[in-house]
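Understanding the architecture of this molecule
Chain by chain, the residues run as shown.
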Amino acid sequence: QNPNVFETKQNHMMMFQQPLLATLIAAALTFEVSASPHEETCFVRMATFRPDSNVTEHAKIDLDVQAIDGLSDAADFSAANAIYSNGENSAKGSGLRKIRDFSLQAPTLMDGQAFYEMYRSYWNSDTYSDDFVQEAATASGDFAGAIDIVRSEGYTKGIQYQVVWMYVIRELEDAVDDCEGGTPTANVDAVKAVDEAWAFYAGSLEGEDGKSSGQLLYALADKRCSDFGTCDEDGRGLINHKLVGEFQKMQSYLSLDMCSEAAAIIPTIVAGMTVPLVQGTYRYMFRGNEPFDGSTSNFLKERSEGYAFLAAILPQIASCNAEGAAQLRAEMIWSANPYLPSGIEENAALIQGCFAEMGISCDDVGEYKEGDNVIIPKCRDQGNSASMIQGGFSLMFISFVATFVALN
């Protein structure tokens, strides 16, 4: 037999086997995530996710956020900022993990990473997320003249949904960098980075089954699902259920040095992490426009919450529709007067128009209801809008990466 023919056949077999292996891994993981924990696992599950490394201390940042939330509610921003800046509960080496460093160190740790570059470009600041938090703490910038309850909502939610949110993505990017590093411990380091990303996504308060009350992004997805009809049969956010699978899949790819397959999952995870932020924006878009008890403080509280959620997705909207993002920011900032003059329907449609580029679908977000009343109906997907549950790539992400590469 001609050896060249045999070699060609071997190459064709390898080309076939690689995507097949990826498919088999994904199928196995779908079963594994819903199955009981393996007996040989050394580490306790964290909100149903099975880490392959010890990230217990990482997860304790939610204890810091819990303390910060209580202090900011009491308008003690000095004490809250001390915990945010210096840490209190999450050990790191011989010191403490400092949530503020997630933002302050971003120019070094996240330089060149696509989502960070998108957000940095929109806000025109290397430390945009900390800027938001500090403006709330000091009643400056977007929070100039704000009363305490407005500052409190912006402060805590800025930490949860901008500072921590972006750092989760940073850990995923770091995992791929470790995988591609080619060192003897590359796959171990990469898997640990994914575990750390989940620890920062879910936190320690959720417990093993994810049915407790936490302080981070996982908790938000569970809170909002009941408002939008996006809970599973156990009352967990469907997005959380799917994200567990995506994180575990990425973890397994990295353990096998399948770096490109792991990298391809990141936009899907980011899309899933974006869904509760969109839901939060919708909820407080309505509640800021229709205050329930008529009191000035709660009226402004709801508006501040809406603006905090909107700020967390504005760079993604601006990448898709700059004029739409400008309108949303002008009409939803807590101090807008009049507030939301174009109405809920038009402003919600501006966000929905970017779903495809954000990698999410109308089914992912669902239908917003207050009681039995439908406030924002579930939209109908247009064109290439693919559910993150189905693993659709974010068109916005692909477009931004292409632009960033071209400019650099």
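The structure under discussion appears in the preceding block.
Here goes a summary of the coordinates provided.

Rules of the game
Residues numbered from 1 in each chain as written. Predicted model: local features only at pLDDT ≥ 70, side-chain atom pairs only at ≥ 80, totals over all residues. Heavy atoms only, no water. Core = buried A, V, L, I, M, F, W, Y, C linked by side-chain atoms within 4.5 Å. Buried < 20%, exposed > 50% of the residue type's maximum accessible area, 1.4 Å probe, protein only. Helix = DSSP H or I, 4+ residues; strand = E, 2+ residues; numbered from the N terminus. Contact = heavy atoms within 4.5 Å. Expected span 1.5 Å × (residues − 1). Bend = angle between axes of the 7 residues up to and from the residue. Phe/Tyr/Trp six-rings, centres within 6.5 Å; stacked < 30°, edge-to-face > 60°. Polar contact = N/O pair within 3.5 Å; in protein donor to acceptor, adjacent residues only side chain to side chain.

1. Describing the nonpolar core
Among the nonpolar cores identified, the biggest contains 114 residues, and Tyr155, Trp198, Tyr201, Phe247, Met250 and Tyr282 are the most heavily contacted of them. Tallying contributions element by element places helix α9 (residues 148–180) first for this core, with 15 residues. If sequence neighbours within four positions are ignored, Trp198 has contacts with Met46, Ala47, Phe49, Gly203, Tyr218, Asn240, Leu243, Val244 and Phe247.

2. Thoughts on α9
For α9, spanning 33 residues, the distance from its first C-alpha to its last is 47 Å, which sits close to the expected 48 Å at 1.5 Å a residue. The axis of α9 is deflected most strongly, by about 35°, at Gly158. When you tally the buried positions in α9, you get 28 out of 33 residues, the bulk of the element. Immediately downstream of α9, the backbone of Gly182 shows phi near 75°, a positive value.

3. Here's the deal with the packing of aromatic side chains
One pass over the full model with this rule turns up 23 aromatic pairs. Ring geometry for Trp198 and Tyr201: centres 5.1 Å apart, planes at 40°, overall tilted. Residue Trp198 and its partner Tyr201 are located together in helix α10 (residues 186–202), separated by three residues, close to a single helical turn. Comparing Trp198 with Tyr201, the two get one shared label, buried. Between Phe228 and Tyr368, the aromatic rings sit 5.1 Å apart at their centres with planes inclined by 25°, giving stacked as the arrangement. Of this pair, Phe228 sits in helix α11 (residues 217–228) while Tyr368 sits in strand β3 (residues 368–370), and the two are 140 residues apart along the sequence. As far as the burial class goes, Phe228 and Tyr368 line up, both buried.

4. A look at the side chain of Arg283
The residue Arg283 is located in helix α14 (residues 266–289) in this model. A distance of 3.1 Å separates the side chain of Arg283 from the side chain of Asp227, its partner in a polar contact. Once residues lying within four places of it in the same chain are set aside, the contact partners of Arg283 are Arg224, Asp227, Phe228, Tyr368 and Glu370.

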